[in-house]
Amino acid sequence: MFVYADNAATTSVSKTALDAMLPFLTEYYGNPSSLYSFAQQVTEKVAEARETVARCLGAQPREIYFTSGGSESDNQAIMSAARVGARKNKKHIISTKFEHHAVLHTLKRLEKEGYEVTLLDVHEDGVVRLEDLEAALREDTCLVTIMFANNEIGTVQPIKEIGALCRAKGVPFHTDAVQAVGHMHIDVEEMNIDMLSLSGHKFHAPKGIGALYVRKNIPLFNLIEGGGQERGKRAGTENVAGMAALAAALKESCENIDIVTPRITAMRDRIIAELSKIPHSRLNGHREKRVPGTVNMCFEGIEGEALLLLLDRKGICASSGSACTSGSLDPSHVLLSIGLPHEVAHGSLRLSIGEYTTEEEIDHIVKVVPQVVEYLRNMSPVWDELERGVKPHLI
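Cut-off values and rules
The residue count restarts for each chain, going from 1 along the sequence in the order it is written. For this predicted model, a pLDDT threshold of at least 70 governs which residues receive local features, and a threshold of 80 or more governs which side-chain atom pairs are given and counted, while totals over whole chains, interfaces and linings are taken from all residues. Computation of side-chain values: all heavy atoms of the structure, hydrogens and water removed. Any N or O atom pair separated by 3.5 Å or less is treated as a polar contact, with the protein-specific requirement of one donor-capable and one acceptor-capable atom, and with residues adjacent in sequence counted only for side-chain atom pairs. To qualify as a helix, a DSSP run of H or I must reach at least 4 residues; to qualify as a strand, a run of E must reach at least 2; elements of each kind are numbered from the N terminus. Pairing of aromatic rings covers Phe, Tyr and the six-membered ring of Trp, with a centre-to-centre limit of 6.5 Å; geometry is then stacked below 30 degrees between planes, edge-to-face above 60, and tilted otherwise. Under the scheme applied here, a residue whose accessible area is under 20% of the maximum for its type counts as buried, over 50% as exposed, and between as partly exposed, the area being computed with a 1.4 Å probe on protein chains only. In this analysis the charged atom, NZ for Lys or CZ for Arg, is taken to sit over a ring once it is within 6 Å of the ring centre and within 35 degrees of the ring normal. Side-chain atoms within 4.5 Å link the members of a nonpolar core, which is a set of buried Ala, Val, Leu, Ile, Met, Phe, Trp, Tyr and Cys residues. Residue contacts follow a heavy-atom distance rule, with two residues in contact if any of their heavy atoms lie within 4.5 Å. Each pair of strands is called paired provided DSSP finds at least two bridges between the two strands. In this description, a line fitted to the C-alpha atoms serves as the axis of each element, helices being fitted only across the stretch in contact, and the angle between N-to-C directions of two axes falls anywhere from 0 to 180 degrees.

Asker: Any details on helix α13 (residues 381–388)? Residues and values, ideally.
Answerer: You can read the cap of α13 off the contacts: a side-chain oxygen lies 3.3 Å from the backbone nitrogen of V382, and it is on S380. The positive-phi residue at the C-terminal boundary of α13 is G389, with phi of around 85°.

Asker: I'd like to hear about the packing of aromatic side chains, residue by residue, with values.
Answerer: Scanning the model with the defined rule gives two aromatic pairs in all. On the numbers, 6.1 Å between centres and 45° between planes, the contact of F24 with Y28 is tilted. Look at Y28 and you get partly exposed, because its relative accessible area is 28%. Judged by centre distance (5.1 Å) and plane angle (70°), the ring pair of Y29 and F38 falls under edge-to-face. Over the ring of Y115 we find K91, and its NZ or CZ is 4.6 Å from the ring centre. If you follow R231 out to its NZ or CZ, it ends over the ring of Y65, 4.1 Å from the centre.

Asker: I'd love a proper account of the nonpolar core, names of residues and values included.
Answerer: Formed by 65 residues in total, the largest nonpolar core has its most connected members in L57, V144 and L196. Residue contributions to this core peak at nine residues, all from helix α8 (residues 240–275). Discounting residues that sit within four places of it in the chain, L196 has contacts with L57, H174, T175, A177, V181, I186, V188, A211, L212 and Y213. In terms of nonpolar packing, the next biggest core, distinct from the first, is built from 29 residues, I264, I272, L275 and V372 among them.

Asker: Please provide a residue-by-residue account of the sheet that holds strand β9 (residues 281–283), values included.
Answerer: Pairing is antiparallel in the open sheet, where three strands are placed in the order β9-β10-β12. Two strands bound the open sheet, and with one partner strand each, they are β9 and β12 (348–352). Looking at each pair of strands side by side, their axes are set apart by 25° on average, direction ignored. By the bridge criterion, five bridges tie strand β10 (residues 294–299) to β12 in an arrangement that is antiparallel. Of the residues in β12, the one forming a bridge with T294 is S352. Against the sheet, helix α9 (residues 304–313) contacts β10 and β12, and its axis sits at roughly 45° relative to β12.

Honestly, it's all geometry; don't read function into it.
This is the structure in structure tokens:
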């Protein structure tokens, strides 16, 4: 049996998204920057896609900029806020210890340029405390950037409250919402969000297309210079097929959230309940404050890499963390940020399901994972030492 349980890494392109993009690869292939009517038909479709994305986020069309994905959107938002801050002699940025590397690596770059970065703790439950943020805010803070939902453990932050605090202090607030958009109701106005990043391939659009929401009157600076596309803020001939697909997929996802969320949540909770029966295992992150489809667990005494390889042999596609760092042998920075020791963090498993997941696939997961964990423990000298009391159990 084949089970795809890595939707947090990427999703399949839906029929809706595919149908939306195909005409722009074959029939309406004109460059939207051209003046003749054939191309202007395409320009109109770009505008329609922008309007659709805006409606799904509670934004205005002029506040939506199409990008290549979440990493580019994160970079542009953070670098823009940093440039504005420097002009006002404000060079302090607040974020968290478990952000995606698109954020953390951009912040490291800014630190080399003289900015000061404060990374907030996310505590054992993977949730930021408002009092920690309030204590970290300073007169020279030019940006707060905190992810909406974590890409590895799935925990959701109090975004509306964070935004309200930032708004009261006059500090721009950006959120990396790549794991949340299309899976949760989001209204940027209601949630006090100034900038928001999203990526299409997390909700059944193709890879290579994303968007950045920027509230009106928030300055945006270019990462890519060239032509005047995206109202002069993002050069490069438009990926019209991708834009159309992203808009169609997002519209479909948002319209179906209330229908699919209870079903996905129930399957997720079943995975948690069954895998928690494995001795010396733990769920990572808050039990309820999480996106519907993501489960992250650690199993003491085994290596995550071996677990993934054996699950693959059993037909289960899973991960031990972010797909962007899957080649690293280091334990997840996310799991270390919530206080897990290295020995435990190495034995992590992320299962992320979606609307196409079936009950039969969940049956396969909850049957196979305990078998593989037991198999690996039986051949592990580390587990043997733990069971004999040579070393104490950490879970």
